[in-house]
Amino acid sequence: MASPKFEALVDDFEFLDDWEDRYRHVIELGRAMPAMPDAHKSEATRVIGCASNVWIWPLIEGQGPSARIGFEGDSDAMIVRGLIAVLHALYSGTTAAEAAKIDASAELARLGLDQHLSAQRSNGLRAMSKRLADLAAALNDNQPAPKSGAASGA
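What counts, and where the lines are drawn
- Residues numbered from 1 in each chain as written.
- Predicted model: local features only at pLDDT ≥ 70, side-chain atom pairs only at ≥ 80, totals over all residues.
- Heavy atoms only, no water.
- Phe/Tyr/Trp six-rings, centres within 6.5 Å; stacked < 30°, edge-to-face > 60°.
- Buried < 20%, exposed > 50% of the residue type's maximum accessible area, 1.4 Å probe, protein only.
- Salt bridge = Lys/Arg side-chain N within 4 Å of Asp/Glu carboxyl O.
- Helix = DSSP H or I, 4+ residues; strand = E, 2+ residues; numbered from the N terminus.
- Expected span 1.5 Å × (residues − 1).
- Arc of directions from axis to C-beta.
- Contact = heavy atoms within 4.5 Å.
- Polar contact = N/O pair within 3.5 Å; in protein donor to acceptor, adjacent residues only side chain to side chain.

Visitor: Can you help me understand the packing of aromatic side chains in this one?
Guide: Each pair of aromatic rings is reported with the distance of its centres and the angle of its planes. Overall, the coordinates contain two aromatic pairs when judged by the stated rule. Both rings, one in Phe-13 and one in Trp-19, keep their centres 6.3 Å apart while their planes meet at 55°; by these two values the pair is tilted. The class of Trp-19 is buried, set by a relative accessible area of 17%. In textbook terms, an aromatic cluster arises when at least three aromatic residues are bridged by ring pairs, as seen for Phe-13, Trp-19 and Tyr-23.

Laid out in structure tokens, this is it:
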């Protein structure tokens, strides 16, 4: 089940008439995100599999399956920064157990992203989703939250 924040985003997308408006909305979501400190942008937090530079820094409250997932994210591409904001709406505030049950591909398809992104952007989005799924899996296995860039997509 998606978070209320993501459900609101789905509603916003249904209200927008065409993909160009949705695309602009995704970019605006990225612009509205707080800046990620440069100190958190490193090879260890870079997401492998993205055409642009992308960094995800986990912010975890608690331990194990009941840990709450949050993260900072950034990219050097505005549309990708917006996609990070979409993933933030999908995952942030969920427990590790809840996050492990999220079918990111299906949820993102509700926004039409699967049909309107280039192959490179789709691969990058899958890589970012995999990074968050790997984070949830590690927490569910009572392992420390990974910050490394080892998870790759595409």
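Visitor: Would you mind showing me how to read the pattern of salt bridges here?
Guide: It is possible for side chains bearing opposite charge to pair when their charged atoms get close. On inspection of all chains with the given rule, the structure shows 10 salt bridges. Residue Arg-68 is joined to Glu-98 by a salt bridge in which the shortest nitrogen-to-oxygen separation is 3.7 Å. Within this pair, whereas Arg-68 is found in strand β2 (residues 68-75), its partner Glu-98 is found in helix α4 (residues 96-100), the two being separated by 30 residues in sequence. You can call Arg-68 partly exposed: its relative accessible area is 38%. Overall, the relative accessible area of 41% leaves Glu-98 in the partly exposed class. Among the salt bridges present, the one from Lys-130 reaches Asp-134, with a minimum N-O distance of 3.0 Å. Of this pair, Lys-130 and Asp-134 both sit in helix α7 (residues 119-140), four residues apart, roughly one helical turn. The class of Lys-130 is partly exposed, set by a relative accessible area of 36%. Relative accessible area serves as the criterion here: at 27%, Asp-134 is assigned to the partly exposed category. One network of salt bridges, with partners in common, ties together Asp-38, Lys-41, Asp-74 and Arg-81.

Visitor: What is the right way to look at helix α1 (residues 4-15) in this model?
Guide: Quick reminder: α-helices carry 3.6 residues per turn. Residues three or four places apart thus point the same way. In this model α1 runs 17 Å from its N-terminal to its C-terminal C-alpha over 12 residues, within 8% of the 16 Å that 1.5 Å per residue would give. Within the sequence span of α1, burial applies to Phe-6, Leu-9, Val-10 and Phe-13. All buried residues of α1 lie within an arc of 105° about the axis, which places them on one face of the element. In α1, the exposed positions angled more than 90 degrees off the buried face are occupied by Pro-4, Lys-5, Glu-14 and Phe-15. Those residues of α1 that are buried are in contact with α2 (19-32), α3 (78-91) and α5 (104-109).

Visitor: Please clarify how the side chain of Glu-107 should be interpreted in this entry.
Guide: Looking at where Glu-107 falls in the secondary structure, it is placed in helix α5. Among the polar contacts made by the side chain of Glu-107, one reaches the side chain of Arg-110 at a distance of 2.6 Å. Residue contacts for Glu-107: discarding those within four places in its chain leaves Ala-2, Phe-6, Leu-90 and Ile-102.

Visitor: Which parts of the structure should I look at to understand the environment of Asp-38?
Guide: Locating Asp-38 in the fold gives a position in the loop between α2 and β1 (54-61). Given the relative accessible area of 61%, Asp-38 is considered exposed. Along the chain, Asp-38 and Asp-74 lie 36 residues apart, while their C-alpha atoms are 9.6 Å from each other.

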